2 protein chains.
Amino acid sequence: MPHTALERRRARLQQPHCQTCSLASLCLPLALQLEDLDQFDAIIRRRAPLKKGEMLFRQGDAFTSVFAVRSGSLKQVTSVGGEEQLTNFYLPSELVGLDGIDESSYPGSMVALETTTVCEIPFDRLNSLAEDLPELRLQLYRSMSKEMRDDRRMIRLLSRKTADERLASFLTGLSERFRRRGYSAYSFRLSMSRADIGNHLGLAVETVSRILGRFQSQGLVAVSGREVNILDLDTLAQLAEGEGCI
Amino acid sequence: MPHTALERRRARLQQPHCQTCSLASLCLPLALQLEDLDQFDAIIRRRAPLKKGEMLFRQGDAFTSVFAVRSGSLKQVTSVGGEEQLTNFYLPSELVGLDGIDESSYPGSMVALETTTVCEIPFDRLNSLAEDLPELRLQLYRSMSKEMRDDRRMIRLLSRKTADERLASFLTGLSERFRRRGYSAYSFRLSMSRADIGNHLGLAVETVSRILGRFQSQGLVAVSGREVNILDLDTLAQLAEGEGCI
DNA sequence: CGACGTCTTGAAACTAATCAAATCCTGTGG
DNA sequence: CCACAGGATTTGATTAGTTTCAAGACGTCG
């Protein structure tokens, strides 16, 4: 327990708050006024960081909260009949757990891909706050709607795209998400293994590896382990949209 | 304009209302009390039935409303770069248009597969009503959450299942949806073409046709044109879950 | 330094797509 | 009511893209 004013201030500064969070403009409180932000911030529970491989929640756990990613990254893994399906990756500012509302349990486990911190937002409190704050309610709808859109994009990818197009999509998608979060769109580190990528894109590990190799020999990217440099984003984006044959 | 009391009453009875709708227990007003139901009913706009092939809305149209299917069925078609992707089919009591909230435009066209009637629910009015009716708000979250879950199931289907498993999944899924709506789980008519099914499942038309034929010769179903009789739901369900090889 | 997990590469096998053509419906007009 | 046109569906043969199996290279963490 801090005793002096200085110590209290220091503790307060260390304790993260939406008001000082660099992701606030991308996150759920996006549309809130400063005075509403305080209310929102008050319901957030901070969590100890998750280590690589640790789970935020397990498939089937009772749904109690949604979570905003602060740093690091997560994968959602749904296990059905022994097989595991990786349905999504989540980066900072993204909201996870929303698909648990319907059946009041989480439909998949959420696993940290690296050291990861999250803000926990108890859903009942979020819901009552949403009653009073129309902007928050709308933003919550938007988050869900956006996730539905992303899922549809994924469905299109899986049902129509070739392996090359899938990998190109994956890389350009990540690039865009990093860019929007203020990181380089051209140079980043993959926090997930080739196996994770393959699982997510519906491809065998070997195929992922081969195609990444091919992209490299075509001068589209430079890959070294998990470090990625995108050399020709335009061509990659064309490929991703199935315009490789024009 | 009706003149007599009798005519007015007749008109009122013909005009559909949530209070008398047989789908109310599956639809958005699911959780509402009778007095709240009136409020909800008041914001609904009835629509002239759509004929087969007509569109409820087009891809890119401004998002204004969500719609509940009353009778018939719809398909959602997203067109990207000339190619069309059929992302979902919708049956009575299901809610369509929710994925338009995020970018305030519909991400795909909604096309009637047969003569179809819908209830239009203007979103701004739904949203303000949801402010006052916690049950409605929760049901709205649930609808979206459920759609996310369904999309994830679809992702799993496309990324891990063989053509046989996909068809089996499709048939058992339809069967279950019909059952829950009070229709036969074993005998129904497909409102969509083989091409639609193929597009939805990420398969070529020929593959759909072939596998349906194979299922028939295996005694799993009896198919005649678009009429389907499910003869062995258990085996079909096992197949759908990838347990065909046990 | 060595062991284990991750990643890459090669060859063979298989699934489903594509191409091609016949047959079956469905709605329409004579 | 029947014939016909056009689309929808089925069936067959071939081909292409990915997976699977197998094995070796790389990296990294004790």
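This one's a predicted model, so the numbers in the text were calculated from it and none came from an experiment.

**Here's the deal with the pairing of strand 8 (residues 117-122) of chain A**
Residues and elements named next belong to chain A.
Item 1. Across the six residues of strand 8, six count as buried, placing the element largely inside the fold.
Item 2. With burial as the criterion, each face of strand 8 is covered, one bearing Thr117, Cys119 and Ile121 and the other bearing Val118, Glu120 and Pro122.
Item 3. Of the strand pairs in this sheet, strand 1 (residues 45-46) and strand 8 are connected by two bridges, and their pairing is antiparallel. Paired with arginine 46 across the bridge in strand 8 is cysteine 119.
Item 4. The pairing of strand 3 (residues 65-71) with strand 8 spans six bridges and is classified as antiparallel. Paired with alanine 68 across the strands is cysteine 119, a residue of strand 8.

**Examining the domain arrangement of chain A**
Residue and element names in this part refer to chain A.
Item 1. By the assigned domains, chain A splits into domain 1 (5-157) and domain 2 (161-240).
Item 2. Just the C-alpha atoms count here: the centres of domain 1 and domain 2 sit 25 Å apart.
Item 3. Taken together, the 20 residues of domain 1 in the interface contact 17 residues of domain 2.
Item 4. Both faces combined, the contact of domain 1 with domain 2 buries some 1600 Å², and carbon together with sulfur accounts for 55% of it.
Item 5. The three residues of domain 1 that bury the most area against domain 2 are Phe89, Leu91 and Leu157, which together make up 40% of that side's buried surface.
Item 6. Joining domain 1 to domain 2, the criterion identifies three salt bridges.
Item 7. A salt bridge links aspartate 196 to lysine 75; the nearest nitrogen and oxygen atoms lie 3.0 Å apart.

**Describing the protein's contact with DNA strand C**
Item 1. In the region of DNA strand C, 14 residues are neighbours, and Arg194, Ser209 and Arg210 of chain A together with Ala163 and Thr207 of chain B sit closest.
Item 2. Sugar and phosphate atoms form 56% of the subset of DNA strand C atoms that lie within 4 Å of the protein.
Item 3. Listed by contribution, the elements that provide at least two residues to the surface near DNA strand C are helix 7 (205-217) of chain A together with helix 7 (205-217) of chain B.
Item 4. The class makeup of the residues in the surface near DNA strand C is three nonpolar, five polar and six charged.

Reading the values: the criteria
Residues numbered from 1 in each chain as written. Chains lettered and ligands numbered in written order. Predicted model: local features only at pLDDT ≥ 70, side-chain atom pairs only at ≥ 80, totals over all residues. Heavy atoms only, no water. Buried < 20%, exposed > 50% of the residue type's maximum accessible area, 1.4 Å probe, protein only. Helix = DSSP H or I, 4+ residues; strand = E, 2+ residues; numbered from the N terminus. Pairing = 2+ DSSP bridges. Domains from an automatic or database assignment. Contact = heavy atoms within 4.5 Å. Buried area = accessible area lost by both parts, 1.4 Å probe. Salt bridge = Lys/Arg side-chain N within 4 Å of Asp/Glu carboxyl O. Near = heavy atom within 4 Å. Nonpolar A, V, L, I, M, F, W, Y, C, P; charged D, E, K, R; others polar.

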